[in-house]
Amino acid sequence: MKIDVNELGPVQRKISVELPPETVTSEFSRAYKNLGQRVRVKGFRPGKIPRHVLQGIYGDEIKGEVRSHLVEESLGEVIKERGLQIVSRPEVEANELVEGRPFSFSAVFEVKPEIEAKDYLGVELQKVKLTISDAQVQAALGRFQEGHARLEVVGDRKIVQRGDFATLDFEGSIGGKPFAGGKGENYVLEVGGGHALPQFEDAVAGLELGEQRTVQIKYPDDYPNKEIAGKTVDFSLVAREIKEKVLPALDDDFAKDHGECASLAELREKIRARLEDEIKHIQNEGLKEQLIGRLIEKHPITPPGSMVERQTRYLMERYQEQASRQPPSDSSPAPSPDETRKSLETRAARQVRATLLIERISQLEKIEVTENDVRERVDQLVRAAGERAKTVRDIYSRPDARDELRAQLVFDRTVSYLLERAKVAQIDPPPSVVDEPGEKS
Amino acid sequence: MKGPRDVIQAPLISEKGSLLTEAGNQVLFKVRPDANKIEVKKAVETLFKVKVEKVRVARYLGKVRRVGRSMGRRSDWKKAYVTLREGDKIDFFGGA
């Protein structure tokens, strides 16, 4: 077997192989022997079919089979022998395959680039100092309180005001005819909550309990319900009940009932701790991002096109999935597919670079993940999946998914390893960052 | 007169035929039941561009088959054993 490996580029390799005639011939006889045992031809007992008959009937198929078998086998051998790390499907170009003649082919594919990782310990990073102010704790507590608000009937008032929750009976008609969805009984509306048309809310405000009132409301032309868009609807309204949102008092009892804490002070502490956790998480993510950015700057690697392509496709899928789940917003028009693709491609290239680089570093630093770690992580995921636990378990019983998970674990572990050894400088926060610590990216 | 394509109806490819080809350079055909040896010889020679030494034929009478009450009969046919001149041969898969 004659083998030739050419470097076409930093990540492209071309392998040329020439196989001797003996190999070709023996492969052919093997294929025919195998075929003769399997097929039935009329006029012959099974397994007794002469080769020339088989050749006449199945010749082309056998040729294709022999070719792909030869290519796969010898290519696999070469790759193993030379320790090449292939990341793309090889593109094979083969000469004609004739029995008893040497067979030559060449394959072009991409390999992982060789990376000389350097200076990856003690990377200088900047960490933004973030603290939780009392005001933020108070705000979070307020949201918590709001979440536990109850609606209570208002006894001392007969007229609906803005901010009330009014229980309504209503019936709408267009030109005297009722329409679908135009009728409701005991419907609770937050007056001024912005859930109904402003005109409708205006009409409800000022309504007296038990009083029947008829109002005319003109729906805008772009109303989602086509049946009533642009039309004037007559509503007859009756208010049944007026309720008010009552916030629970912020005291130890509240803390006991809803926060599982002994006292309000403890609840406050708990909220603060949660916010701090969130901040820490954000900081950590930021540091990781910085670290990877620095490392990529230091190591100009050419990412293999096929890996970038694969990652881009993955990102595209995720993006589309996300886009389909949320309705398009009017404020920002969706970017064109081309633009999306381009920006995702840049991101993909960066991710591939990071993956390759981190992988190399993990090898240099001998950071490994054991089968046990993988199993533990799978268990974690299964537990987190709740109802879908079985599906998740099934997915991770497949070896390729496990490998991916393992790679992910190695990646995470390596990044933390590097973070521990990085030189982190504390800097003061720019004023804008402090405002919304609760918001997760 | 019957054309060569009328006389030769199909090649017969079988274990026995393969054996005979190897042993005595004979090939088998299914031919018209009313064709005689001379017609077979000429037909094979024109169709396959070979020289025929000898033809032997065998008549096969169709079997009686019964479907319910009605009786039927498979058609009769004739098998021809054609011996070719040494060195000539016929490849059923490549050409015809």
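In this report, the structure presented in the accompanying data block is examined. Just so it is clear, the structure is predicted and the values come from calculations on it, not from any experiment.

A word on the nonpolar core. All names here are of chain A. In terms of nonpolar packing, the biggest core is built from 32 residues, with Leu125, Leu291, Leu295, Ile361 and Leu418 touching the most fellow members. Of all the secondary-structure elements, those providing two or more residues to this core are α6 (264–298), α7 (305–325), α8 (337–364) and α11 (399–420). Of all the elements, α8 adds the most residues to this core, at nine residues. Judged by nonpolar contacts, the second largest core, of 29 residues, contains Val24, Ile49, Val78 and Ala107.

This paragraph deals with the pattern of salt bridges. Residue and element names in this part refer to chain A. A complete count under the given rule lists ten salt bridges over all chains for this structure. A salt bridge links Glu27 to Arg30; the shortest N-O distance between them is 2.8 Å. Taken together, the positions of Glu27 and Arg30, both in helix α1 (residues 21–38) and three residues apart, correspond to about one turn of that helix. Among the residues examined, Glu27 registers a relative accessible area of 7% and is labelled buried.

Another point: the packing of aromatic side chains. Residues and elements named next belong to chain A. Here the structure, examined in full by the defined rule, presents four aromatic pairs over all chains. With a centroid separation of 6.4 Å and an interplanar angle of 20°, the aromatic rings of Phe28 and Tyr32 are classed as stacked. With Phe28 and Tyr32 both in helix α1 and four residues apart, the pair spans about one turn of that helix. The buried category is assigned to Phe28, whose relative accessible area is 5%. A relative accessible area of 5% means that Tyr32 is categorised as buried. Ring geometry for Phe103 versus Phe105: centroids 5.8 Å apart, planes at 35°, classification tilted. The class of Phe103 is buried, set by a relative accessible area of 0%.

Before going further, it helps to spend a moment on the sheet that holds strand β1 (residues 8–11) of chain B. Residues and elements named next belong to chain B. Ordered by their spatial adjacency, four strands build an open sheet running β1-β2-β6-β3, and the pairing between neighbours is antiparallel. Two strands in the sheet have a free side with no partner beyond their single neighbour: β1 and β3 (52–60). With strand direction ignored, the average angle separating the axes of adjacent strands in the sheet is 30°. The pairing of β3 with strand β6 (residues 77–84) spans eight bridges and is classified as antiparallel. Residue pairing for β6: Val52 is matched across the bridge by Leu84. Running at roughly 140° to strand β2 (residues 26–31), helix α2 (residues 15–24) makes contact with β2 and β6 of the sheet. Along the sheet face, helix α3 (residues 37–48) touches β1, β2, β3 and β6 and points at about 125° away from the line of β3.

Below, the discussion takes up α8 of chain A. Residue and element names in this part refer to chain A. Look at α8: 40 Å from first C-alpha to last across 28 residues, which is about the 40 Å you get at 1.5 Å a residue. Listing the buried residues of α8 in full gives Thr340, Leu344, Ala348, Ala349, Val352, Ala354, Leu356, Leu357, Ile358, Ile361 and Ser362. Phi turns positive one or two residues past the end of α8, at Lys366, with a value near 55°.

Attention now moves to the sheet that holds strand β1 (residues 2–7) of chain A. Residues and elements named next belong to chain A. One open sheet accounts for four strands, arranged β1-β2-β4-β3; its pairing is antiparallel. If you trace the sheet from one side to the other, it starts and ends with β1 and β3 (91–94), each paired once. Between one strand and the next, the sheet's axes are offset by a mean angle of 15°, whatever the strand orientation. Sheet topology places strand β2 (residues 12–19) next to strand β4 (residues 103–110); eight bridges connect them, and they run antiparallel. From the neighbouring strand, Lys14 faces β4, where its bridge partner is Val108.

Before going further, it helps to spend a moment on the interface of chain B and chain A. At the junction of the two partners, chain B supplies five residues and chain A supplies ten residues. Carbon and sulfur atoms make up 62% of the area that chain B and chain A hide from each other, which totals about 610 Å². Measuring nitrogen to oxygen at the nearest pair gives 2.6 Å for the salt bridge that ties Arg45 of chain A to Glu15 of chain B. There are two residue pairs in polar contact (both at pLDDT 80 or more) connecting chain B and chain A. Within the side of chain B that touches chain A, the residues separate by chemical class into two nonpolar, two polar and one charged.

Here is what the cut-offs are and how they apply
- Counting restarts for each chain: residues are numbered from 1 in the order of the written sequence.
- Lettering for chains starts from A, numbering for ligands starts from 1, and both go in the order in which the items are written.
- Where totals are concerned, whole chains, interfaces and linings use all residues; where local detail is concerned, this predicted model gives features only for residues with pLDDT of at least 70, and gives and counts side-chain atom pairs only at 80 or more.
- Each side-chain value is worked out from all heavy atoms of the structure, with water and hydrogens disregarded.
- The nonpolar core is taken to be a set of buried Ala, Val, Leu, Ile, Met, Phe, Trp, Tyr and Cys residues, with the residues joined through side-chain atoms within 4.5 Å.
- In this scheme, a residue with accessible area under 20% of its type's maximum is buried, one over 50% is exposed, and one in between is partly exposed, where area comes from a 1.4 Å probe on protein chains only.
- The helix count covers DSSP runs of H or I at least four residues long, the strand count covers runs of E at least two residues long, and both are numbered beginning at the N terminus.
- Salt-bridge detection follows one rule: a side-chain nitrogen of Lys or Arg within 4 Å of a carboxyl oxygen of Asp or Glu.
- Here a Phe, Tyr or Trp ring, Trp counted by its six-membered ring, pairs with any other such ring whose centre lies within 6.5 Å, and the pair is stacked when the planes are under 30 degrees apart, edge-to-face when over 60, and tilted otherwise.
- Think of it this way: DSSP has to see at least two bridges between two strands before they count as a pair.
- The axes are straight lines fitted to the C-alpha atoms, using for helices just the contacting stretch, and the angles between their N-to-C directions are given from 0 to 180°.
- Two residues form a contact once any of their heavy atoms are found within 4.5 Å.
- Residue count minus one, scaled by 1.5 Å, sets the expected span of a helix.
- A quick way to say it: buried area is the sum, across both parts, of accessible area lost when two parts are put together, with a 1.4 Å probe.
- Nitrogen and oxygen atoms within 3.5 Å of one another constitute a polar contact, given that in protein one can donate a hydrogen and the other can accept it, and given that sequence-neighbouring residues count only through two side-chain atoms.
- Any residue that is not Ala, Val, Leu, Ile, Met, Phe, Trp, Tyr, Cys, Pro, Asp, Glu, Lys or Arg is counted as polar, Gly included; the first ten are nonpolar and the last four charged.

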